[in-house]
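Tertiary structure, described
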Amino acid sequence: MRAPRLLSKCVVRNFSAVEPVVNLNERKVFAKRAETNDPATHSENDIGKFYTVSIEDNKKLFSFYEFPAQFERNIKTFNESAFMIREPALEIINSLKTLDPTKPILKFVIYGRFGEGKTMTFCHICHFAHRAGWILCYVPTSTIWMRWSKEVTFSETKPESINIPLESAQWLRNFKIQNADLISKLDLRVRDKIVWSAREITEKDAPLMELVDHGINRVKYAADVVDVLIENIKLYSTEQRCRTLVAIDGFNGFFNPKSNLKAPDKTPVPPLRVTIMQSLMKLTQADWSNGAAVLTVDTKNSYPDNREFVFPLYLLHKEGFEHLDPFIPVYVPALNPKEVNNLLDYYEEKKWLLKPQAREEIEFLSTRNPYHLTELCGPL
């Protein structure tokens, strides 16, 4: 028996309305990449393109301080560490290339909304400095120290200050991994004799890495070693024996009114009462030259009652703002259309973008925020 004509029309209409399936194996899309992987060679023509950080550089610079969790997952998934070249990073890198070694250090404060690339811009600049032969004083989100420190002791050399010796020793280990080869090549040495105890002495003109090793092996003295090391580096930079980049992620956390730390007498400890924080603050003073400080400020490193705005003055409070002044604020915006398109090309190249036909919708829903865009592209 023949089917009714109306039913057959409906069947045809419904079949023709089915959305075509995109075969990811047949679609060949490749993201635009820079001609070289050396950040010193990148120019405005490379904005929005990707470059790859080598496994060796990745291990030396970032293996102990993880990238944002989302980017860390992408590295494991895609089996490569690919940075997008963006204008804020190039702006700072170009300034570092033309640095006047006789003038006080340049200070840059990177700011912007959550997920739009502040930390990745920060990492890009650190990679440039490492490849260019700068000594790197790299500090991760410092609020981690204020939350999870395993041991807290009173300082024997600074009244009313608190040591976090295990974290200080860990920072020295990471400093050694990043800088040992360069410091040995430059033949930097301890400038003054240091007496730690009746039996422990660091002689004048001892290799600077010997001082670092002392702080690693004798955790009790780690915080004081950090302080001495920083003073030596500032002097050598000023004498133009080396160039130094101070890189601190979440610098506004230094100026929080309180932390989770408790002193041995159970009193609460604000961040600036901790010796390693005091030492790192010296690196952001303008009393030395031939270097630069690249700092980020972020709402996630502030207390919940201080997260309404993203501007440096608001997040740093009056004390932090006056400490850094003068500095150059660098805003990290949302991705522009060119960057969004290349990022989606990258995810499609890696078979991470499951619905390439939804690119415009993804761009709209993510508001061009890299973090949200990545979440929308991945599988549920």
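Scope of this entry: the structure provided in the associated data block. All values derive from a computational prediction rather than experimental measurement. (Residues numbered from 1 in each chain as written. Predicted model: local features only at pLDDT ≥ 70, side-chain atom pairs only at ≥ 80, totals over all residues. Heavy atoms only, no water.)

Quick notes on the overall build of the protein chain
Looking only at helices and strands, the protein chain has 14 helices and eleven strands in total. By its C-alpha atoms, the protein chain is 105 × 45 × 35 Å across when sized along the principal axes. By the burial criterion, 52% of the 380 residues in the protein chain qualify as buried. Summed over all atoms, the accessible surface of the protein chain reaches about 19300 Å², with 53% contributed by carbon and sulfur. Positive and negative charge centroids in the protein chain, built from 50 and 48 side chains respectively, lie 6 Å apart. (Helix = DSSP H or I, 4+ residues; strand = E, 2+ residues; numbered from the N terminus. Buried < 20%, exposed > 50% of the residue type's maximum accessible area, 1.4 Å probe, protein only. Areas by Shrake-Rupley, 256 points an atom, 1.4 Å probe, with all protein chains shown as cover. Lys, Arg positive; Asp, Glu negative; His and termini not counted. Charge placed at Lys NZ, Arg CZ, Asp CG, Glu CD.)

Quick word on the side chain of Thr-296
Take Thr-296: it is sitting in strand 10 (residues 291-296). The residues touching Thr-296, leaving out its near neighbours within four places in the chain, are Ile-110, Lys-118, Phe-122, Ile-248, Asp-249, Gly-250, Phe-251 and Asn-252. (Contact = heavy atoms within 4.5 Å.)

Let's talk about the pattern of salt bridges
Per the counting criterion, the structure on display carries 22 salt bridges. Here Glu-375 makes a salt bridge to Arg-73, at a shortest N to O gap of 3.5 Å. With Glu-375 in helix 14 (residues 370-377) and Arg-73 in helix 3 (residues 69-78), the pair connects residues that are 302 residues apart, well separated along the chain. Salt-bridge contacts for Glu-200 lead to Arg-218; the nearest nitrogen and oxygen are separated by 2.6 Å. (Salt bridge = Lys/Arg side-chain N within 4 Å of Asp/Glu carboxyl O.)

Side note on the sheet that holds strand 9 (residues 244-248)
Taken in spatial order, the five strands make up an open sheet running 4-9-10-3-11, and their pairing is parallel. Of all strands in the sheet, those bounded by a partner on one side alone are strand 4 (135-139) and strand 11 (328-331). Direction aside, neighbouring strands of the sheet carry axes that sit 15° apart on average. Here five bridges tie strand 9 to strand 10, and the two strands are oriented parallel to one another. The partner of Val-246 across the bridge, within strand 10, is Ala-293. Relative to the sheet, helix 5 (residues 118-131) contacts strand 3 (106-111), strand 4, strand 9 and strand 10, its axis offset from that of strand 9 by approximately 160°. Contacts from helix 11 (residues 312-324) reach strand 3 and strand 10, with the element oriented near 170° to strand 3. (Pairing = 2+ DSSP bridges. Axes fitted to C-alpha atoms, helices over the stretch in contact; angles between N-to-C directions.)

Quick look at helix 13 (residues 359-366)
Residues of helix 13 that are buried include every one of Arg-359, Ile-362 and Ser-366, and no others. Seen from one end, helix 13 has its buried residues packed into an arc of 60°, which puts them on one side. What points out from helix 13, more than 90 degrees from its buried face, is the exposed set Glu-360, Glu-361 and Phe-364. Where helix 13 is buried, its residues contact helix 12 (337-349) and helix 14. (Arc of directions from axis to C-beta.)

So, the packing of helix 7 (residues 165-186) against helix 9 (residues 222-238)
At a minimum axis separation of 8 Å, helix 7 and helix 9 run at an interaxial angle of 40°. Compared by their axis directions, helix 7 and helix 9 come out oblique. Contacts between helix 7 and helix 9 involve Pro-165, Ser-168, Ala-169, Trp-171, Leu-172 and Phe-175 on the former and, on the latter, Ala-222, Ala-223, Val-225, Val-226, Leu-229 and Ile-233. Looking at side-chain class alone, the contact of helix 7 with helix 9 contains eleven nonpolar, one polar and no charged residues. (Parallel < 35°, antiparallel > 145°, perpendicular 65-115°, else oblique. Nonpolar A, V, L, I, M, F, W, Y, C, P; charged D, E, K, R; others polar.)

Details of the environment of Glu-80
The residue Glu-80 is located in the loop between helix 3 and strand 2 (81-84) in this model. Taking the C-alpha atoms as reference points, Glu-80 and Asn-58, 22 residues apart in sequence, are found 9.8 Å from one another. Those residues in contact with Glu-80 that sit more than four places away from it in its chain are Arg-33, Thr-52, Asn-74, Ile-75, Tyr-346 and Lys-350. At 3.3 Å, the side chain of Glu-80 and the side chain of Lys-350 are in polar contact. (Polar contact = N/O pair within 3.5 Å; in protein donor to acceptor, adjacent residues only side chain to side chain.)

Focus: the pairing of strand 10
The element strand 10 is extensively covered by neighbouring structure, given that six of its six residues are classed as buried. Note: strand 3 against strand 10, five bridges, orientation parallel. Among the inter-strand pairings, Leu-106 is bridged to a residue of strand 10, identified as Ala-292. What joins strand 9 to strand 10 is helix 10 (residues 275-283), and the crossover it makes is right-handed. (Right-handed = clockwise from strand over helix to strand, strands pointing away.)

What to know about helix 3
Residues Gln-70, Phe-71, Glu-72, Asn-74, Ile-75 and Phe-78 constitute the buried set of helix 3. Taken together, the buried residues of helix 3 touch helix 2 (55-62), strand 2, helix 5, helix 12 and helix 14. Looking one or two residues past helix 3, Asn-79 carries a phi angle of roughly 60°, positive in sign.

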